[in-house]
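# Observations on the model geometry
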Amino acid sequence: KPPTLVFVEVKTRSSSQFGLPIEAITYFKLKALINAAQVYKVSHRGLPDQMRIDAISVNLQSNEPEIEHIRNITG
């Protein structure tokens, strides 16, 4: 399996007032992440050809934080 360059966006919420953490990654935020990843890759030679963007959702509403790792949020 070829190496993969992984970019990770982390979103945290301490209440549900503004929705779930993952809901903060809007279409426009995702486009910005993709553009930033592409610029980074072009400006740093020698990185793996494969790349993906993951998300980490951290929910702090309960005593024990709920952490979810979503792989390849671009589909």
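Residues numbered from 1 in each chain as written. Predicted model: local features only at pLDDT ≥ 70, side-chain atom pairs only at ≥ 80, totals over all residues. Heavy atoms only, no water.

## Some words on the nonpolar core
Note that soluble globular proteins tend to have their nonpolar side chains buried in a common cluster. We apply this condition: As used here, the term nonpolar core means buried Ala, Val, Leu, Ile, Met, Phe, Trp, Tyr and Cys residues forming a set that is joined through side-chain atoms within 4.5 Å. For each residue, the accessible area found with a 1.4 Å probe, counting protein chains only, is set against the maximum for its type, and the residue is called buried under 20%, exposed over 50%, and partly exposed in between. A run of DSSP states H or I qualifies as a helix once it reaches four residues; a run of E qualifies as a strand once it reaches two. Both are numbered from the N-terminal end. When checking whether two residues touch, look at their non-hydrogen atoms; a contact exists if any pair is within 4.5 Å.
In this structure, L5, F7, I25, L30, L33, A37, I53 and A55 together form the largest nonpolar core, which totals 8 residues. Residue assignment for this core shows that the elements contributing at least two residues are β1 (4-13), α1 (27-43) and β2 (50-59). Broken down by element, this core gets its largest block of residues, 3 residues, from α1. Not counting chain neighbours up to four residues away, the residues in contact with I53 comprise F7, L33, I34, R71, N72, I73 and T74.

## Description of the packing of aromatic side chains
Counted only if it meets this: Stacked, tilted and edge-to-face are the three classes applied to pairs of Phe, Tyr and Trp rings, where Trp contributes its six-membered ring and a pair requires centres within 6.5 Å; stacked means planes under 30 degrees apart, edge-to-face means over 60, and tilted covers the rest.
Tallied over the full model, the rule gives 2 aromatic pairs. Pairing F7 with Y40 gives two aromatic rings, centres 5.9 Å apart and planes at 85°, and the pair type is edge-to-face. One end of the pair, F7, is in strand β1; the other, Y40, is in helix α1, and 33 residues separate them in sequence. In this structure Y40 comes out as partly exposed when scored by relative accessible area, which is 38%.

The values are spatial; any link to function lies outside them.
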